[in-house]
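What follows is the residue order along each chain.
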Amino acid sequence: MPAQISPSILAADFARLADEARAVDGADWLHVDVMDNHFVPNLTLGTPVVEALSRATGTPLDCHLMIEDPDRWAPQYVEAGAGSVTFHVEAAAAPVRLAREIRAKGARASMALKPGTPVEPYEDLLPELDMLLVMTVEPGFGGQAFLDIMLPKIRRTRQLIDKHGLEMWLQVDGGVSADTVERCAEAGANVFVAGSAVYGADDPAAAVRALRTQAEEAARRTSAG
Ligand code: DX5
Ligand code: ZN
């Protein structure tokens, strides 16, 4: 699968969200960080903003729910127009049931792991998911430094996906930039969230294209090597 870039609107101007979404028209997804001030110590937006964004852009929405009780709230994000809904396993009461419900409602189901959460206990659950998100910072804020120590977990996750012959995607989120995207791609990630690296650039659309090229070349080098 070609590398996909999902710019995070957490780093965009919230007063001009429609324009900011259109500024990255060539992106594969638009990453929408939902925070509830309980699961993480920050508060962002909810379903009304997701609904408005889905009307304002043709780019599919990749909703990352950093919230308590996703079992209750995640399905509403599918109804609000999300094409992919990611819940945190640390917050989910019944991750398999929830993933099935998200899929049944018509979105891609994805599960996120905080940096301290290992992937191995969830090996049997992977076929229920369309994507696994390995966080490369502690969730809650944009602009944090990439945690290099997550690279072995990305590699182990890639090995588990390949071992089971799964088509599921492997996403990384947090500190992904021109300096770090290649290491993530070499480790096996294929969906890259980038907030400050895209919206902090003079030309966000060009930053998206550059990150995608870097990721694809790194993946090609790795599979050739
Ligand atoms: C952090 C969010 C990220 C954040 C990434 O909790 O989940 O999506 O926006 O921002 P950068 O790319 O600036 O680290
Ligand atoms: Zn995110």
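Provided above is the structure to which this section pertains.
Everything numeric here is computed off the predicted structure, so don't read it as measured data.

### Regarding helix 3 (residues 70–79)
Every α-helical turn comprises 3.6 residues, leaving residues that sit three or four positions apart pointing alike. Within helix 3, burial applies to P70, D71, A74, P75, Y77 and V78. For helix 3, the buried positions fall inside an angular range of 150° around the axis, keeping them on one side. More than 90 degrees from the buried face of helix 3, the exposed residues found are R72 and E79. Buried residues in helix 3 make contact with strand 2 (30–35), helix 2 (47–56), strand 3 (61–66), strand 4 (84–88) and helix 4 (95–104). Trailing helix 3 by a residue or two, G81 shows a phi angle of about 120°, which is positive.

### Describing the packing of helix 3 against helix 4
Orientation of helix 3 relative to helix 4, taken along the N-to-C sense of each, is 15°, at an axis distance of 9 Å. Judged by the inter-axis angle, helix 3 sits roughly parallel to helix 4. Note on packing geometry: the crossing formed by helix 3 with helix 4 is right-handed. Of the residues in helix 4, those in contact with P70, D71, A74, P75 and V78 of helix 3 are R97, L98, E101 and I102. Its residues assigned to classes, the contact of helix 3 with helix 4 comprises six nonpolar, no polar and three charged.

### What to know about helix 5 (residues 151–163)
Its 13 residues place the ends of helix 5 18 Å apart at the C-alpha level, agreeing with the 18 Å of an ideal helix rising 1.5 Å per residue. Taken together, the buried positions of helix 5 are occupied by L151, K153, I154, T157, R158, L160 and I161. Of the surrounding secondary structure, the elements contacted by the buried residues of helix 5 are strand 5 (108–113), strand 6 (131–135), strand 7 (169–173) and helix 6 (181–187).

### Section: the environment of E101
Mapping E101 onto the fold places it in helix 4. For E101, a relative accessible area of 34% puts it in the partly exposed group. Put simply, E101 and D36 are 65 residues apart on the chain and 21 Å apart in space, counted from C-alpha to C-alpha.

### Some words on the environment of E216
Secondary-structure assignment places E216 in helix 8 (residues 204–224). Excluding residues that lie within four positions of it along the chain, E216 makes contacts with P2 and A3.

### With respect to the site of ligand 1
Around ligand 1 there are 20 residues in total, and D33, G140, D173, G195 and S196 lie nearest to it. The contact in question runs from an oxygen atom of ligand 1 to an N or O atom on the side chain of H31, over 3.3 Å. Between ligand 1 and D173, the relevant distance is 2.7 Å, taken from an oxygen atom to a side-chain nitrogen or oxygen of the residue. Isolated, ligand 1 exposes 380 Å² of accessible area, and the fraction of that covered by the protein chains is 99%. No other element matches the three residues that strand 2 contributes to the shell around ligand 1. Per-class residue counts for the shell around ligand 1 are eight nonpolar, 10 polar and two charged.

### Quick notes on the coordination of the zinc ion (ligand 2)
Within the protein, the atoms that donate to the zinc ion (ligand 2) are H31 (NE2), D33 (OD), H64 (ND1) and D173 (OD), at distances of 2.1 to 2.3 Å. Its six donor atoms give the zinc ion (ligand 2) angles of 72 to 173° at the centre, a pattern that matches the octahedral case. Mapping the donors of the zinc ion (ligand 2) onto the primary sequence yields the spacing H-x1-D-x30-H-x108-D. Residues H31 and D33 agree in their burial class; the two are buried.

### Digging into the pairing of strand 8 (residues 191–194)
Every regular strand shows the same layout, with side chains that alternate between the two sheet faces. Residues V191 and V193 of strand 8 are buried on one face, and the alternating residues F192 and A194, pointing to the opposite face, are buried as well. Judged from the four bridges that link them, strand 1 (residues 4–7) and strand 8 form a sheet pairing that is parallel. From the neighbouring strand, I5 faces strand 8, where its bridge partner is F192. Relative to strand 8, strand 7 runs parallel, the two sharing three bridges. Note on strand 8: the bridge partner recorded for D173 is V193.

Definitions and limits used
Residues numbered from 1 in each chain as written. Chains lettered and ligands numbered in written order. Predicted model: local features only at pLDDT ≥ 70, side-chain atom pairs only at ≥ 80, totals over all residues. Heavy atoms only, no water. Buried < 20%, exposed > 50% of the residue type's maximum accessible area, 1.4 Å probe, protein only. Helix = DSSP H or I, 4+ residues; strand = E, 2+ residues; numbered from the N terminus. Arc of directions from axis to C-beta. Contact = heavy atoms within 4.5 Å. Axes fitted to C-alpha atoms, helices over the stretch in contact; angles between N-to-C directions. Parallel < 35°, antiparallel > 145°, perpendicular 65-115°, else oblique. Left-handed = near helix turned anticlockwise from the far one by under 90°. Nonpolar A, V, L, I, M, F, W, Y, C, P; charged D, E, K, R; others polar. Expected span 1.5 Å × (residues − 1). Near = heavy atom within 4 Å. Polar contact = N/O pair within 3.5 Å; in protein donor to acceptor, adjacent residues only side chain to side chain. Areas by Shrake-Rupley, 256 points an atom, 1.4 Å probe, with all protein chains shown as cover. Donors = N, O, S within 2.8 Å, 3.2 Å for Na, K, Ca; no water. Tetrahedral: all angles 85-135°; square planar, octahedral: opposite > 155°, others 65-115°. Pairing = 2+ DSSP bridges.

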